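# Reading the structure
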Amino acid sequence: MAQGLVVDRSISFSWFELVRQRHPLYKKGEAGYTVVMMVKVDRLSHNFGAYWALKDISFTLGKGEFLFLTGHSGAGKTTLLRLLYGALPVSRGRATVAGVHLNNIKKRHVPLLRRKVGVVFQDFKILPRKTVFDNVAMALEVRGMARTHLERRVRAIIRAMGLETKSYSICERLSGGEQQRVAIARSMVANPELILADEPTGNLDFDLTMHLMEIFKQFHTYGTSVIMATHSREVLECVPEARILHLEDGRIVSGCNADGTVFGQSPTDEDCPDDMGDDLLSETSLGPADYDEDDEETL
Ligand SMILES: Nc1ncnc2c1ncn2[C@@H]1O[C@H](COP(=O)(O)OP(=O)(O)OP(=O)(O)O)[C@@H](O)[C@H]1O
């Protein structure tokens, strides 16, 4: 067990008793119950200048599903996660996340999307001069929760991360792994419908990685959808029922469900030439110029 880590095995009880919210996986319609769609991506592409980092990506994610993104460095995993979070504009294609159409989204509506989506990015984006408690609490404060109500929730998730002895430590004095756990706690504390995680266990040792994967799985069990980019086979093996979307050079080269059936779209070179043109950029209501560094804020 990692030194200093206090594992709270009761998180599934204490945390979800506090939150009292399990995300519904089905909705009732005329044709009976259908799976609620959390993410729908249709021929999504993204360019950085002349370089197309994502090319014709198509897939769907139902509520409560767990999806891994795999692929070599530079394959486009982070770019896809940033697009789904509204931190990058949709250059081409369509994307809907938690009922929000990213093509039509106005800058002022991005915070609405972010209330439904929790993110853990590689560079953490925690506030270095604030305490662990304040960093985590902020995710609830921006959602309008009063300080008196948020304390128990914040303490429960900090305890689950094994950080209770560091609650009032300033984040810049924590180790990289501890800061990473603060970022994960912050992404989860509001019980988001969807968690987007980019190599969330990248700096952590094996025991801590396994512990945090247990926590991700508990959220998944309670109906939270998860999309996680990883290079780690151990992490993939933690969630055998998850689907895996493998990217290479911005394209989906394979996607398979836990039962081995294939999903997603694997475009051919003819479908998706390198010179994709900029003609469709004007389709998006939120262009690159509308984005600035603040859009990367993870709250
Ligand atoms: N802001 C940017 N400007 C120009 N090119 C970029 C930018 N961000 C990413 N890229 C390029 O887009 C491609 C995909 O990058 P991305 O970060 O999505 O890959 P990744 O699969 O997440 O890699 P890693 O596993 O190393 O995190 C890379 O070739 C990268 O250099």
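A few points on the structure. Residue indices follow the written sequence of each chain, beginning from 1 at its first position. Side-chain atom pairs in this predicted model are given and counted only at pLDDT of 80 or more, local residue features only at pLDDT of at least 70, and totals for whole chains, interfaces and linings cover all residues. No hydrogens and no water enter the side-chain calculation; it runs on all heavy atoms of the structure.

### Things to note about the overall build of the chain
For helices the rule is a DSSP run of H or I covering at least 4 residues; for strands it is a run of E covering at least 2, with both sets numbered from the N terminus onward. If you tally the helices and strands in the chain, you get eight helices and twelve strands. The buried label goes to any residue with under 20% of its type's maximum accessible area, the exposed label to any with over 50%, and the partly exposed label to all in between, with areas taken from a 1.4 Å probe on protein chains only. Looking at the chain residue by residue over its 299 residues, the buried ones come to 53%. Restricting to contacts in the chain with at least 6 residues of sequence separation, those with at least 24 account for 71%. Only the protein chains shown count as cover for residues, and all accessible areas are computed by the Shrake-Rupley method using a 1.4 Å probe. Summed over all atoms, the accessible surface of the chain reaches about 13,900 Å², with 50% contributed by carbon and sulfur. The criterion used for residue contact is that any of the two residues' heavy atoms lie within 4.5 Å.

### Some thoughts on the site of the ligand
Residues in close proximity to the ligand total 13 residues, the closest being Ser73, Gly74, Lys77, Thr78 and Thr79. The separation between an oxygen atom of the ligand and a polar side-chain atom of threonine 78 is 2.6 Å. For the ligand, whose free accessible area comes to 630 Å², the fraction covered by protein is 63%. Those elements that place two or more of their residues in the shell around the ligand are β4 (51–62) and α2 (77–84). Looking at which element gives the most residues to the shell around the ligand, the answer is α2, with three residues. Residue composition of the shell around the ligand, grouped by class: four nonpolar, eight polar and one charged. Being near a molecule or strand, for a residue, comes down to having at least one heavy atom within 4 Å of it. Throughout this description, a polar contact denotes any pair of N or O atoms lying within 3.5 Å of each other; where both atoms belong to protein, one of them has to be capable of donating a hydrogen while the other can accept it, and for residues adjacent in sequence the pair is counted only when both atoms sit in side chains. Three residue categories are used. Nonpolar comprises Ala, Val, Leu, Ile, Met, Phe, Trp, Tyr, Cys and Pro, charged comprises Asp, Glu, Lys and Arg, and polar comprises the others, including Gly.

### Re the packing of helix α4 (residues 132–141) against helix α5 (residues 147–160)
Whenever a helix is involved, its axis is fitted only over the stretch in contact; in every case the axis is a line through C-alpha atoms, and angles between N-to-C directions fall within 0 to 180 degrees. Between α4 and α5, the least distance of the axes is 9 Å, while the angle of their chain directions is 125 degrees. Classed by the angle they form, the pair α4 and α5 counts as oblique. Pair α4 / α5 crosses with right-handed handedness. Contacts between α4 and α5 involve Val132, Phe133, Asp134, Val136, Ala137, Leu140 and Glu141 from the former and Arg147, Leu150, Glu151, Arg153, Val154, Arg155, Ile157 and Ile158 from the latter. Comment on the angle field: the value is read as roughly parallel under 35 degrees, roughly antiparallel over 145, roughly perpendicular from 65 to 115, and oblique elsewhere. A crossing counts as left-handed when the near helix is turned anticlockwise from the far one by less than a right angle, and as right-handed when that turn is clockwise.

### Topic: the pairing of strand β11 (residues 243–248)
Side chains Arg243, Leu245 and Leu247 project from β11 onto a buried face, and the interleaved Ile244, His246 and Glu248 project onto a face without burial. Two strands pair if DSSP finds at least two bridges between them. In the sheet, strand β5 (residues 66–70) pairs with β11 via four bridges, with the strands oriented parallel. Bridging across to β11, leucine 69 finds its partner in leucine 245.

### Details of the sheet that holds strand β7 (residues 100–101)
Read from one edge of the open sheet, four strands run β4-β3-β6-β7, paired in antiparallel fashion. The outermost strands of the open sheet, each flanked by one partner alone, are β4 and β7. Where strand β3 (residues 37–48) meets β4, eight bridges bridge the pair, whose relative direction is antiparallel. The residue bridging histidine 46 from the neighbouring strand is leucine 54, located in β4. Relative to the sheet, α2 contacts β3, β4 and β6 (92–97), its axis offset from that of β3 by approximately 120 degrees.

### Overview of α4
Most of α4 sits inside the fold, with eight of its ten residues counted as buried. Every buried residue of α4 is listed here: Val132, Phe133, Asn135, Val136, Ala137, Met138, Ala139 and Leu140.

### Observations regarding the pairing of β6
Examined bridge by bridge, β3 and β6 share five bridges and lie antiparallel to one another. What sits directly across from valine 39, in β6, is valine 97. Where β6 meets β7, two bridges bridge the pair, whose relative direction is antiparallel. By the bridge assignment for β7, valine 97 is matched with valine 100. Taking the residues between adjacent antiparallel strands as the criterion, β6 and β7 are bridged by two residues, where alanine 98 takes a positive phi near 50 degrees.

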